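Next come the chains, spelled out residue by residue.
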Amino acid sequence: MYTVYRVAILGMSFSLALTTSPVTLYGGEDEGMCVEAGVPYYSFQLITTKNIPGTGRGRGSVEVTFSDNSPFGISVTSDGSYDYDLKLSLNRIKLRGEGRLVAWVTTRDLSKIRRIGPLDPYYQVNGSVDWNKFLVVVTLESNDGGNGDKWEGPVVFRGMSRSGMMHTMVGHGLLQEENCFAYGYDG
Amino acid sequence: MPAMTPSNGWRMIPMDMNMPMLPGLEGAVPSVGAFLPGVGIDLASIPLARPSAIVKWQRGDTLDLSVSMVRRSIDGTEMLMFGYNGQYPGPLLDAIEGSTVVVRVRNEIQMPTTIHWHGVRLENQFDGVPGLTQAPIEPGEDFIYEVKVPDAGMFWYHPHVREDVQQDLGLYGNLLVRSPDPEYFGPAHREEILVVDDLLMDGEGLLPWGKESSTHALMGRFGNVMLVNGQTDHQMETKTGEVIRFYITNVANSRTFNITFGNNRIKLVASDIGRYEREQWTPSVVIAPGERYVVDVQFDKPGETVIANTIQAINHFRGEFYPHVDTLSRVMVSSQINEEDLSDSFELLRENQEMIPEIENLERHFTKAPDYELETLVRVENLPTPIVISMESDTLYVPPMEWNDAMPMMNWLSTGKEVTWILKDKISGLEKGDIHWEFEQGDIVKIRIFNSPDSFHPMNHPIHLHGQRFLVLNRDDIQNQNLVWKDTAILPVGSTMDLLVEMSNPGEWMFHCHIAEHLHAGMSFNFTVREY
């Protein structure tokens, strides 16, 4: 159950807002909540750029789990960043022509880039990342990505870690109902 | 409805100026009364607290343990707190595996209390849970505990009455149970105890707690002053090359620490109830409330090094992670080299031979379907509207862990009257205290717990079982490669963990979240283990 007198709430200004809201918020049963359950919660989709023939109808996903070598309940690095394992997969691809799809992980400002590696014949590859916010990019390279300090080919798919959707309270969304995946995702 | 101006004994909580207060919350205070201990008592009449003393427990000893008010000076502010035998932390009880000691507890504070022997598989009647295993010890009354310690490990003791208040005020101490095997652990030059905690203070001292119910019910009460062994300026000296064995216990109400030891290597040796299958290197020690870890650290370079809580905190206002470091202890490493070189043994990662047959006996249960499935949820009602609006809008991403109080005002205003934390039995549909599981002694039970991200404000939960021990078999379908007996395990948001519980100890026991404010907001139930 998720009973919110949403119109009333959204109509209030903050200056008048120091009342208790007639709200009972329950977890789990409301389809409008912008969350998914279970392991998939931190997983995210890869969206095609439609720039490369044979990839325009493609779908992709990145499964995100904590690194399996942590003896604790969660894996973090010595600077406190999460240490994730990534499982990347694409489907509905009919790649024509030359080149190989190579996966990369990068910070949102592209200041740091790491090569995950070329996708296998099933369009899958595993990797890891220890940044809290990151992008995964799949590019079409003439080879397997070389030494891996930067991609050279066109971007074919891209996606953002769920943490990238952390709202700013000064930015969008505070008083609006928004589609969770309205930020470049296919929702 | 909260009052408009701080009143009824409340003082405005310290705010992080990087995270401005939400409009509409100016002057708001929690919907419950404010509580500070010892109001009206002349502070000068209260004895000054002393540092923790070591009590060597011999089989059949009797220990007198008073629960009393003490005077503490923290960051230059004198204040009234609580202590066991007038000490901070309480006495370190140093016992041999298998011994039994009688502890005669006298309650000299103005609240009822009990003592829970966290992690100890002792007789049920001495587990210290009011209303379940004993009546609370009223002010001026005594209670006698017989504490039998069947397992080697680092345990701790604390009240089970308003832990959010009493434990925070200093009622905690360690119980170190040693194996009679002299080679149980590898060699170390010495041992150190690190009891990590935090306190919420302003310039006047401790911020009040909720009287009828806990404040900070959403995220738990995070402190802004870090304590190690009750001290804000903990420091140590060591020689170059020295290997120190640290016994770490997290007694904080809510904070999970990520403890680093500078650039020194950390060898993880043991946790709550004994040693890991295999020792292993770790970049840091992630320790949730109630958990314990044992690590060996070699300080191989002279100079000052810092033991720190090193995290990526969240600024919700800016929607950012940012690095944050709290110094917990300063270690001065002298250039003098320790005469006994333990470098070779430190490099060695030992296997725990005791664990091999135990695991083999249990392996057939590893792949069975869960016997029980739990889900964690939260419900809120009647929170101030600005909180509801802002939190609703910030639900696109919920972090796996809350390492800092990223919403101090909103958290403070949420009390047990507005927030209900729930453990839900997915099979029966029952919740919280309505759940009651029954087992027979000797049952091996698989419990799957899912921390649902699908609720108003999901959060990590340190899950604690009384009176039994368990293995964490899987996390998110990934098999745990290095098992250790636990009594408390952290469950991040969105994660699922499978516990294999050895129901070895008959009685009525508690199953709960060890964030004190979550416990008092409903996150517990009881289970029975019938004697076979």
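Residues numbered from 1 in each chain as written. Chains lettered and ligands numbered in written order. Predicted model: local features only at pLDDT ≥ 70, side-chain atom pairs only at ≥ 80, totals over all residues. Heavy atoms only, no water.

1. Details of the overall build of chain B
Selection criterion: The numbering of helices and of strands both runs from the N terminus, where a helix is a DSSP run of H or I of at least 4 residues and a strand a run of E of at least 2. Atoms counted for the radius of gyration: C-alpha only. Globule rule: 2.2 Å times residue count to the power 0.38. Two residues form a contact once any of their heavy atoms are found within 4.5 Å. To measure how exposed things are, a 1.4 Å probe is used in the Shrake-Rupley method; for residues, cover is taken only from the protein chains shown. In this tally, Asp and Glu contribute negative charge and Lys and Arg positive charge; neither His nor the terminal groups of the chain are included. Think of each charge as sitting on NZ of Lys, CZ of Arg, CG of Asp or CD of Glu.
Helices and strands together make up the secondary structure of chain B, namely 6 helices and 37 strands. Taking 24 Å as the expected radius of gyration for a compact globule of 532 residues, we find that chain B reaches 22 Å, a close match to that expectation. By principal-axis analysis of the C-alpha atoms, chain B measures approximately 65 × 55 × 50 Å. In chain B, of all internal contacts separated by at least 6 residues, the share reaching a separation of at least 24 is 80%. Accessible area of chain B: about 18,000 Å², with a carbon and sulfur share of 48%. With 40 positive and 75 negative side-chain charges, chain B shows a spacing of 2 Å between the two charge centroids.

2. Here's the deal with the overall build of chain A
Convention followed: Summary of the burial criterion: residues with accessible area below 20% of their type's maximum are buried, those above 50% are exposed, and those between are partly exposed, where the area comes from a 1.4 Å probe applied to protein chains only.
The number of helices and strands found in chain A is 1 helix and 10 strands. For chain A, the sequential pattern of α-helices and β-strands runs β-α-β-β-β-β-β-β-β-β-β. Put simply, chain A has 187 residues, and 50% of those count as buried. The long-range fraction of contacts in chain A, counting pairs at least 24 apart against all pairs at least 6 apart in sequence, stands at 62%. A total accessible area of about 9,200 Å² is found for chain A, and carbon and sulfur atoms account for 48% of it.

3. A few points about the environment of B:Met391
Residue and element names in this part refer to chain B. As for its position among the elements, Met391 is in helix α4 (residues 385-393). Residues Met391 and Phe456, 65 residues apart in the sequence, show an inter-C-alpha distance of 7.7 Å. When residues no more than four places from it in sequence are discounted, the contact partners of Met391 are Leu218, Met407, Met410, Phe456 and His457.

4. Let's talk about the environment of B:Ala34
All names here are of chain B. Tracing the sequence through the fold places Ala34 in strand β1 (residues 34-35). Considered as a pair, Ala34 and Glu212 are 178 residues apart in the sequence and their alpha carbons are 8.6 Å apart. Leave out the neighbours within four places in its chain, and Ala34 touches Asn8, Gly9, Trp10, Pro208, Trp209 and Lys211.

5. A short note on the pairing of strand β21 (residues 266-271) of chain B
Residue and element names in this part refer to chain B. Operational definition: Two strands pair under a simple rule: DSSP has to find at least two bridges between them.
Taken across its 6 residues, β21 has 6 buried, putting it largely inside the fold. In this structure, β21 lies alongside strand β22 (residues 274-282), joined through 5 bridges in antiparallel fashion. Paired with Leu268 across the bridge in β22 is Gln280. Hairpin geometry of β21 and β22 is characterised by an intervening segment of 2 residues between the two adjacent antiparallel strands. Sheet topology note: the β21/strand β24 (residues 292-299) ladder contains 4 bridges and is antiparallel.

6. So, the sheet that holds strand β17 (residues 225-228) of chain B
Residue and element names in this part refer to chain B. To keep things clear, this is the line we draw: Throughout, an axis means a line fitted to C-alpha atoms (over the contacting stretch in the case of helices), and angles, computed between N-to-C directions, take values from 0 to 180 degrees.
Spatial ordering of the open sheet is given by β17-β13-β19-β24-β21-β22, a layout of 6 strands whose pairing is mixed. Of all the strands in the sheet, just β17 and β22 have a single pairing partner and so form its edges. Neighbour-to-neighbour, the strand axes of the sheet open up by a mean angle of 25°, direction not taken into account.

7. Quick word on the confidence of the model for chain A
All names here are of chain A. Put simply, the rule is: Confidence scores labelled pLDDT are given residue by residue by the predictor and lie between 0 and 100.
Overall, the prediction assigns chain A a mean pLDDT of 75, with 66% of residues at 70 or greater. Of all secondary-structure elements in chain A, the lowest mean pLDDT belongs to helix α1 (residues 6-11), at 31, while strand β8 (residues 124-129) reaches the highest, 97. Of the regions scoring below 50 in pLDDT, residues 1-38 engages in 93 contacts with residues more than four places distant in sequence or in other chains.

8. Overview of the sheet that holds strand β29 (residues 436-440) of chain B
All names here are of chain B. Taken in spatial order, the 5 strands line up as β29-β37-β36-β31-β34 in an open sheet, and their pairing is mixed. Strands with a single pairing partner mark the edges of an open sheet, and in this sheet they are β29 and β34 (488-491). The average angle at which neighbouring strand axes cross in this sheet is 20°, direction not considered. As defined by bridge partners, strand β36 (residues 507-513) adjoins strand β37 (residues 524-530) across 6 bridges and the pair is classed as antiparallel. Paired with Gly507 across the strands is Val529, a residue of β37.

9. Overview of the confidence of the model for chain B
Confidence in the prediction of chain B, expressed as mean pLDDT, is 94, and 97% of residues score 70 or more. With pTM at 0.91, the complex prediction returns an ipTM value of 0.93.

10. Here's the deal with helix α3 (residues 355-362) of chain B
Residues and elements named next belong to chain B. Defined as follows: In this description, one arc is meant: the one made by directions from the helix axis to the C-beta atoms.
Within the span of α3, buried status applies to Met355, Ile359 and Leu362. Projected down its long axis, α3 shows its buried positions confined to an angular sector of 65°, all on one face. Seen from the buried face of α3, the exposed residues on the opposite side, beyond 90 degrees, are Glu360 and Asn361. Among the structural elements, β22, β30 (444-451), β32 (469-475) and β35 (496-502) are those in contact with the buried residues of α3.

11. Points about the pairing of strand β10 (residues 155-160) of chain A
All names here are of chain A. In this sheet, β10 lies alongside strand β3 (residues 44-48) in antiparallel orientation, the contact comprising 2 bridges. Bridging from a neighbouring strand, Ile47 pairs with Arg158 of β10. Bridging between strand β9 (residues 135-141) and β10 involves 5 bridges; their strand directions are antiparallel. Paired with Val138 across the two strands is Phe157, which belongs to β10.

12. Quick word on the side chain of B:Ser179
All names here are of chain B. Threshold: By the criterion applied in these results, polar contacts are pairs of N or O atoms within 3.5 Å in which, for protein atoms, one can donate a hydrogen and the other can accept it, and in which residues neighboring in sequence qualify only through two side-chain atoms.
Among the structural elements, Ser179 can be located in the loop between β12 (173-178) and β13 (190-199). The class for Ser179 is buried, based on a relative accessible area of 14%. Within the local environment of Ser179, its side chain forms a polar contact with the backbone nitrogen of Asp181, the two atoms lying 3.0 Å apart. Other than its neighbours up to four places away in sequence, Ser179 contacts Glu97, Ala152 and Tyr184.

13. A closer look at a positive patch on the surface
What counts, and what does not: Here, patches come from residues exposed beyond 30% relative accessible area and free of salt bridges, joined within 9 Å for like charges and within 5 Å for nonpolar side chains (Val, Leu, Ile, Met, Phe, Trp, Tyr). One speaks of a salt bridge when a side-chain nitrogen belonging to Lys or Arg is within 4 Å of a carboxyl oxygen belonging to Asp or Glu.
A cluster of basic residues, A:Arg57, A:Arg92, A:Lys94 and A:Arg96, forms a positive patch on the protein surface. By secondary structure assignment, the location of A:Arg92 is in the loop between β5 (84-91) and β6 (100-106).

14. As for the environment of B:Lys148
Residues and elements named next belong to chain B. Relative to the assigned elements, Lys148 resides in strand β10 (residues 142-148). Given a relative accessible area of 46%, Lys148 falls into the partly exposed group. Note: C-alpha distance between Lys148 and Gly98 (50 residues apart in sequence) is 6.6 Å.

15. Brief notes about empty space enclosed by the protein
If you roll a probe as big as a water molecule over the atoms, it shows you where there is empty space left. Selection criterion: Lining residues are those with an atom within 4 Å of a point, where the points come from a 1 Å grid over the protein atoms alone and group into cavities, where a 1.4 Å probe fits but cannot get out, or pockets, open sets with protein on both sides within 12 Å along at least five of seven lines. Grid points are joined across faces, edges and corners, and a volume is the space filled by probe spheres set on the points. Three classes are used: nonpolar for Ala, Val, Leu, Ile, Met, Phe, Trp, Tyr, Cys and Pro, charged for Asp, Glu, Lys and Arg, and polar for all others, with Gly counted as polar.
Within this structure, the stated rule accounts for 8 cavities of 30 Å³ or more. For the largest cavity, the calculated volume is near 180 Å³. The wall of the largest cavity is formed by 17 residues, among which A:Ser67, A:Asp68, A:Ser70, A:Phe72 and B:Arg475 lie closest to the centre. At the level of elements, β32 and β33 (478-479) of chain B are the ones that each hand at least two residues to the lining of the largest cavity. Looking at the lining of the largest cavity, its residues break down into 6 nonpolar, 8 polar and 3 charged.

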